[in-house]
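Residue-level listing of the chains:
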Amino acid sequence: MKLNRCYIENFGRLSDFSYDFTEGCNVICRENGWGKSTLAAFLKAMLYGFDTKKEPGAFERERKLYKPWQGGTYGGELDFEADGVEY
């Protein structure tokens, strides 16, 4: 699988954010509090959904943790390729 592009409308502190992945290793080196972990959580949520299996209440805690800071609803897109097919 290859990630091509992501757009985050609202997820945690990230809003109206887009990132185009390049070939090879992509490194995001930003200051503390920028949203690197939030970006990783967004990618995980897009591919696997919010955590529902670890323990009771995990789903609600994760949704609350990444609730959009600016208000509004969660939103975003992830473009990726798998086996030569783009999704």
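Scroll up for the structure.
Residues numbered from 1 in each chain as written. Predicted model: local features only at pLDDT ≥ 70, side-chain atom pairs only at ≥ 80, totals over all residues. Heavy atoms only, no water.

Participant: Kindly report on the sheet that holds strand E3 (residues 75-82), identifying the contributing residues and their values.
Facilitator: Ordered by their spatial adjacency, four strands build an open sheet running E2-E1-E3-E4, and the pairing between neighbours is antiparallel. The outermost strands of the open sheet, each flanked by one partner alone, are strand E2 (14-20) and strand E4 (85-86). Here strand E1 (residues 2-11) pairs with E3 via seven bridges, running antiparallel. Note that in E3 the partner of Lys2 across the bridge is Glu81. Its contacts with the sheet put helix H1 (residues 36-48) on E1, E2 and E3, and the angle it makes with E1 is roughly 105°. (Pairing = 2+ DSSP bridges. Helix = DSSP H or I, 4+ residues; strand = E, 2+ residues; numbered from the N terminus. Contact = heavy atoms within 4.5 Å. Axes fitted to C-alpha atoms, helices over the stretch in contact; angles between N-to-C directions.)

Participant: I'd love a proper account of the pairing of E2, names of residues and values included.
Facilitator: Relative to E2, E1 runs antiparallel, the two being bridged by six bridges. Bridged to Phe11 within E2 is Leu14.

Participant: Tell me about the pairing of E3, residues and numbers included.
Facilitator: Where E3 and E4 come together, two bridges link them in antiparallel fashion. Bridging from a neighbouring strand, Ala82 pairs with Val85 of E4. The loop that links E3 with its antiparallel partner E4 comprises two residues; one of these, Asp83, has a positive phi angle of about 55°.

Participant: Tell me about the pattern of salt bridges, residues and numbers included.
Facilitator: Applying the stated criterion across every chain, the model contains five salt bridges. In this structure, Arg5 engages Asp20 in a salt bridge whose closest nitrogen and oxygen atoms are separated by 3.7 Å. Residue Arg5 is found in strand E1, and its partner Asp20 is found in strand E2; the two are separated by 15 residues along the sequence. By relative accessible area, Arg5 is classed as partly exposed at 28%. A residue is classified by how much of its surface remains accessible, and Asp20, at 53% relative accessible area, is exposed. Arg30 is paired through a salt bridge with Glu31; the nearest N and O atoms lie 4.0 Å apart. (Salt bridge = Lys/Arg side-chain N within 4 Å of Asp/Glu carboxyl O. Buried < 20%, exposed > 50% of the residue type's maximum accessible area, 1.4 Å probe, protein only.)

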